Amino acid sequence: MDAKAYRWLINELDKWRVPVDLAALRKRGPEVFDALVEILELGKLSVRQRVNALRALSELSLYWKGALERSTVLVRVAKTLVVGDEQALREVAARVLVFQFFRQEHSAALRSLLGAEELKSLLERAEALGLSDEVRDNVWHSFNRDTARRRFHIRRAGSFDGSILEDIRRAAFEPVFASFRALLGDEIYELAQAKQDARQADLLRELIAPDSGWDVFVAEVEMRVVGFVAVKVDPETLIGEIGLNAVHPAHAGHGVGTSLYEFALGHMKRAGARVATVATGGDASHAPARRAYEKAGFHAAIPSVWLCRLL
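Each value, and the rule that gives it
- Residues numbered from 1 in each chain as written.
- Predicted model: local features only at pLDDT ≥ 70, side-chain atom pairs only at ≥ 80, totals over all residues.
- Heavy atoms only, no water.
- pLDDT = per-residue confidence, 0-100.
- Helix = DSSP H or I, 4+ residues; strand = E, 2+ residues; numbered from the N terminus.
- Phe/Tyr/Trp six-rings, centres within 6.5 Å; stacked < 30°, edge-to-face > 60°.
- Buried < 20%, exposed > 50% of the residue type's maximum accessible area, 1.4 Å probe, protein only.
- Salt bridge = Lys/Arg side-chain N within 4 Å of Asp/Glu carboxyl O.
- Core = buried A, V, L, I, M, F, W, Y, C linked by side-chain atoms within 4.5 Å.
- Contact = heavy atoms within 4.5 Å.
- Pairing = 2+ DSSP bridges.
- Axes fitted to C-alpha atoms, helices over the stretch in contact; angles between N-to-C directions.

Some thoughts on the confidence of the model for the protein
- Scored by pLDDT, the protein comes out at a mean of 85, with 93% of its residues at no less than 70.
- Between the elements of the protein, mean pLDDT differs from a low of 74, seen in helix 1 (residues 3-13), to a high of 97, seen in strand 4 (residues 239-247).

Structural data, given as structure tokens:
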């Protein structure tokens, strides 16, 4: 790029009240992408110029032939900036990486550029360096929406979800309650456990009430709710808790529970929690739940045994 073109490009990046003129950049052809990368990596631009350069690169990576090569360069540059020392750059770079991850779902050629685990690690590092609340929530919402290769959509539960959540709870816990009966015997089960199991339906209704103190999130597959998780964070102790949760048996074993738990952990972390807890059973019927919790990173545990006898 000659000196005149370089000055024009710098002037475009230096605009403050109006965005970079992407139409003008596109008219200059694919070489403008290479020029932007070169001056961005030189590190001599102001923060505003670098932010605009990264935004322009993200848009320009969609044009002309050779999208894979440009996207590869863009991801490399954004990964460098997401852990840099300027908050404005981190925020834009984080958004760009999430956008690139989303694009990869629609292009087999791009899918090897950025994996979910790598993106999650990068975003966590960016968050630790101080993303603003607005950008942090936007980035994590986008990431969680698009992780697991867009198989699941996770959203906050509403009162209108009550009946489907009850159907999921009943189907998921039926074998658990049958296991309790088998372990305790009919007489002890009816005296010591049956009423508590029956009250679980009331508990679910209480959890999704607006003033419950719990946040309940649901997972959707093809616009149908297939699982839920209740989450609470104590602002004084900074302890986050996963409460009642379930996945419909027809969708078990496909990662829905793991996605819900990872979402819940991210929600706790953003709410200021320092430690996460969850309680589960030690019997065979809870083995899938224990595996899912362990997959989500729950490893420290205090074993407990509940003993019963007739009098």
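Here we look at the packing of aromatic side chains
- For the structure shown, the criterion picks out 5 aromatic pairs.
- Taken together, a centroid distance of 4.9 Å and an interplanar angle of 65 degrees make the contact between F217 and F263 edge-to-face. Highlighted residues: F217 in strand 2 (residues 215-221) and F263 in helix 13 (residues 256-270), separated in sequence by 46 residues.
- With a relative accessible area of 4%, F217 lands in the buried category.
- Measuring from centroid to centroid gives 4.8 Å for Y261 and Y293, while their planes differ by 40 degrees, and the two rings are tilted. Of this pair, Y261 sits in helix 13 while Y293 sits in helix 14 (residues 287-295); the two residues are 32 residues apart in sequence, bridging distant segments of the chain.

Thoughts on the pattern of salt bridges
- Under the definition given, this model contains 15 salt bridges.
- One salt bridge connects E166 with R169, and the closest N-O pair in it is separated by 2.7 Å. Of this pair, E166 and R169 both sit in helix 9 (residues 162-184), 3 residues apart, which is roughly one turn of that helix.
- In this structure E166 comes out as buried when scored by relative accessible area, which is 15%.
- Residue classification places R169 among the buried residues on the basis of a relative accessible area of 6%.
- Where R205 meets D202, a salt bridge forms, and the shortest distance between an N and an O atom there is 2.1 Å. Taken together, the positions of R205 and D202, both in helix 12 (residues 200-207) and 3 residues apart, correspond to about one turn of that helix.
- Taking the relative accessible area as the measure of exposure, D202 reaches 33% and is therefore partly exposed.
- Three or more residues are tied together by salt bridges with common partners; here these are D133, R136, D137 and R270.

Side note on the nonpolar core
- Ranked by size, the top nonpolar core spans 44 residues in total, and within it L36, L54, L97 and L123 carry the most contacts.
- Taken together, the elements giving at least two residues each to this core come down to helix 1, helix 3 (31-42), helix 4 (47-60), helix 5 (67-81), helix 6 (87-104), helix 7 (116-128) and helix 8 (133-146).
- The biggest single contributor to this core is helix 6, with 8 residues.
- Apart from the residues within four sequence positions on either side, L97 is in contact with V75, A78, K79, V82, L114, L119 and L122.
- I168, L204, V218 and A246 belong to the second largest nonpolar core, which has 21 residues in total.

Here we look at the sheet that holds strand 1 (residues 153-156)
- With mixed pairing, 5 strands are arranged side by side in an open sheet as 1-2-3-4-5. Both outer strands of the open sheet, strand 1 and strand 5 (275-278), are each paired with one neighbouring strand and no more. Strand-to-strand twist in this sheet, taken as the mean axis angle between neighbours without regard to direction, amounts to 30 degrees.
- The pairing of strand 2 with strand 3 (residues 224-234) spans 7 bridges and is classified as antiparallel. Directly across from D215, in strand 3, lies its bridge partner V231.

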